[in-house]
Amino acid sequence: MSTTELEPPRAGVLGTLRESATRILVRRRDPAEVVDRPRLVVIGNGPVGHRLCRRLVELEAFYEVVVFGEEPRVAYDRVHLTKMLETGSADSLELSPREWYDESGITLHTGDPVIEIDRNTRTVRSREGLVVGYDRLVLCTGSNAFVPPIEGVDLPGVFVYRTTRDLERIAALAKSSSTAAVLGGGLLGLEAAAALRDLGLQAEVFERAPVLMPRQLDEPAAKLLQKSVEKAGIGVNVLERVESIRRAGKALELKCAGRKGRRFDMVVISAGIKARDELASSCGLKTRPGGGVIVDDHLRTSDDDIYAIGECAAHRETVYGLVAPGYQMADTVAENLASSGPESRWGTFEKGDLSTALKFFGIDVVTLGDFLHDEEIDADVVRSEDDAYRKLIMNRGRIVGAVSVGEWDELAQVRTAVTKTRKIRSWQVERFRTEGRIWDEDAVERVADWADGAIVCSCIGVTKGTLCEAMAAKECGTVEALSACTKAGTVCGSCRPLLADLVGAPVGKVKVRGAVPLIAASLLAVPMVGAVAAYELPLPESYMGTLAEWDRALTDSGWKQATGWTVAGVTAVSLLLSLRKRVSWVSWGDYGFWRAAHSLLGVLTLVGLFAHTGWRMGENLNFWLMATFLTTNFVGGFTGILSGMEGKLSGESARLARTWRPRLTWLHVLTFWPVPVLLVFHVIGAYWHIN
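Worth saying up front: this structure is predicted, and the values here are computed from it rather than measured.

This part covers the nonpolar core. One finds Leu-52, Ile-117, Val-124, Leu-139, Leu-225 and Ile-309 to be the most contacted residues of the largest nonpolar core, which totals 98 residues. In this structure, Ile-117 is in contact with Ile-43, Thr-123, Val-124, Tyr-134, Leu-137, Leu-139, Leu-279 and Cys-283, ignoring residues within four places of it in sequence. The next biggest cluster of nonpolar side chains, apart from the first, holds 18 residues, and it includes Ile-399, Trp-408, Val-414 and Val-429.

Shown next, in the form of structure tokens:
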């Protein structure tokens, strides 16, 4: 292995591997000493190449692995490239240290890209002249930043936003700059704009399409995002086609079609990607006219012993520009390479997950499932508010996709529903239209209650079962440890609250609409119920005269009829408000408002009840009616207090509130059921007695 040329593998090694599924893997300190193993060469050491290597190690695949990387550093996290600005170093972005490759028996060559593949001799040659033979080859060459064919893109001060080196050069010029233009308003463009803002520059985004993120968002969602971007101090220019970039003194002048030139200190191009397929094309592999190495469902190229994964691969005419589909591809190839079974049992890659979950300028932007409408759909169901936009994509009554801009506390359940294409009822659709919610507030599950196959981290496909296994097998009792063990939460980070819920860490506060009046009314209800018992106690003689007069007034026949029917009416209205949550076809108005109104009416019924009874429990039937009604209000008061306080609690107290609130809610409902029956008998008895 120390020579400049590695001998091509012996003929028949691959055939021997296929025939002998029971051979034992022997791993030694020096990979050069490993014998009788076919060699797998991986070209590219980005996130997808690293994912492939990690899965091969986990599966103990029977290969000697040699990796070539173009950049001088080990694989790093491109998604969080802007974090480099916080630390001033790219080391924090490393996915695995160099020692990991050595310990795993992987030979890593950094800063030495492969420049030639010879399929006849089954060898690759690097820029430094290293020649290595292969039995299997995986192309993970990724992509380059797409640079539009406009005048001036090669001028000094014009950058692409792709690698740590790009960010280092941008940061260096930013020290003497104050303004910057970003060409491209997609995911990468907005990320670049955020980085420039963090560097202290006044940035403006130029997008050719009518909206930001045109590949992911429709117009209403994009408008809400644009409002947030502009609020963060970043200019947005849509429907702007840049025709040229020219030098104007020390500045760069952007000329857009039909407009005067605008001057900026630097220009950053982040307008998409272009698959790097030149190496594959030069060795005769089939490529797509629009870019990308053509692969089948096993991710093999036109040469059965060469695979392509990630942004360089074109699967079913699609080149994926996200890391999640690349990870899916890497897992598929690793599992098939590690398999000793026939090809008919190999796993296949059918479609990449284009879901995204990012936070731009303080606002969450999430797309799930078939948000692009690639499949036939029945309808889009939209709920739009001033600070939130939510859309469900439906097919035959099932959720196949979703788009969200802003806060949505049901996202975890929506993600699971999209993954499993769950059916939702017509009344749930109607509730979503009117409230923006699909499920009852009490139906929000803890992650621990999810099925093992439920996806927690959609970026890299980590399931709840995988997380639980990691927690059981390793010391992963914190969010950070669990994330390090499984890589969940290392891409966009939006699933970290779910990890916190799973490990029992503070998840954060829950927003409760109408919390203040709900708590106030509930705090009044509880002591008012206790006041009845207090009134029944013996009182000093000095009070008896006044109370006797009050009691005579309350027992007047006309007064009792008026107060009795008032109490019955208010109770009926309060019951109707409670149906807002309990009955599927009742879906008007905001639930938080009606819940607060329900609690306030509950207090009014207590006031009316005291006026009607003279603060007496009564006897026989009247006693049981009074006891039942007071118990219902007493339990309802505590339920309201927990519901309102839930948004103000965190940690163990919040979890206790979430546990006991639904139990008290149902107890409140159960204690009410005898009231209508007892009330009917009370009315009949009262009028029979009057007559």
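This is not the end of the story, as more comes after the structure.
The strands that make up a sheet pair up through hydrogen bonds in the backbone, lying either parallel or antiparallel. Across the sheet, five strands lie side by side as 9-16-10-11-12; this open sheet has parallel pairing. One side of each edge strand has no neighbouring strand; the edge strands of this open sheet are strand 9 (158-160) and strand 12 (235-238). Averaged over all adjacent pairs, the angle separating strand axes in this sheet is 20°, with direction ignored. Bridge analysis of strand 9 against strand 16 (residues 266-269) gives three bridges, and the strand direction is parallel. Paired with Val-160 across the bridge in strand 16 is Ile-269.

On to the environment of Met-471. Structurally, Met-471 can be placed in helix 12 (residues 464-473). A relative accessible area of 28% means that Met-471 is categorised as partly exposed. As a C-alpha pair, Met-471 and Leu-482 span eleven residues in sequence and 7.0 Å in three-dimensional space.

Okay, the confidence of the model for the protein next. A residue-level look at the protein finds 72% of positions with pLDDT of 70 or above and a mean pLDDT of 78. Per-element confidence in the protein ranges from a low mean pLDDT of 36 for helix 1 (residues 13-19) to a high of 98 for strand 7 (residues 136-139). This model gives residues 1-34 a pLDDT under 50, and the stretch forms 54 contacts once residues within four places in sequence are excluded. The model gives residues 580-587 a pLDDT under 50, and that stretch makes 22 contacts with residues more than four places away or in other chains.

Attention now goes to the sheet that holds strand 7. The strand order across the open sheet formed by five strands is 3-2-1-7-19, and the pairing between neighbours is parallel. Taken across any chain shown, the strands that pair with only one partner, and hence form the sheet edges, are strand 3 (106-109) and strand 19 (306-308). Taken pair by pair, the neighbouring strands of this sheet meet at an average axis angle of 15°, ignoring direction. As paired elements, strand 1 (residues 39-43) and strand 7 share four bridges and run parallel to each other.

About the cut-offs
- Residues numbered from 1 in each chain as written.
- Predicted model: local features only at pLDDT ≥ 70, side-chain atom pairs only at ≥ 80, totals over all residues.
- Heavy atoms only, no water.
- Core = buried A, V, L, I, M, F, W, Y, C linked by side-chain atoms within 4.5 Å.
- Buried < 20%, exposed > 50% of the residue type's maximum accessible area, 1.4 Å probe, protein only.
- Contact = heavy atoms within 4.5 Å.
- Pairing = 2+ DSSP bridges.
- Helix = DSSP H or I, 4+ residues; strand = E, 2+ residues; numbered from the N terminus.
- Axes fitted to C-alpha atoms, helices over the stretch in contact; angles between N-to-C directions.
- pLDDT = per-residue confidence, 0-100.

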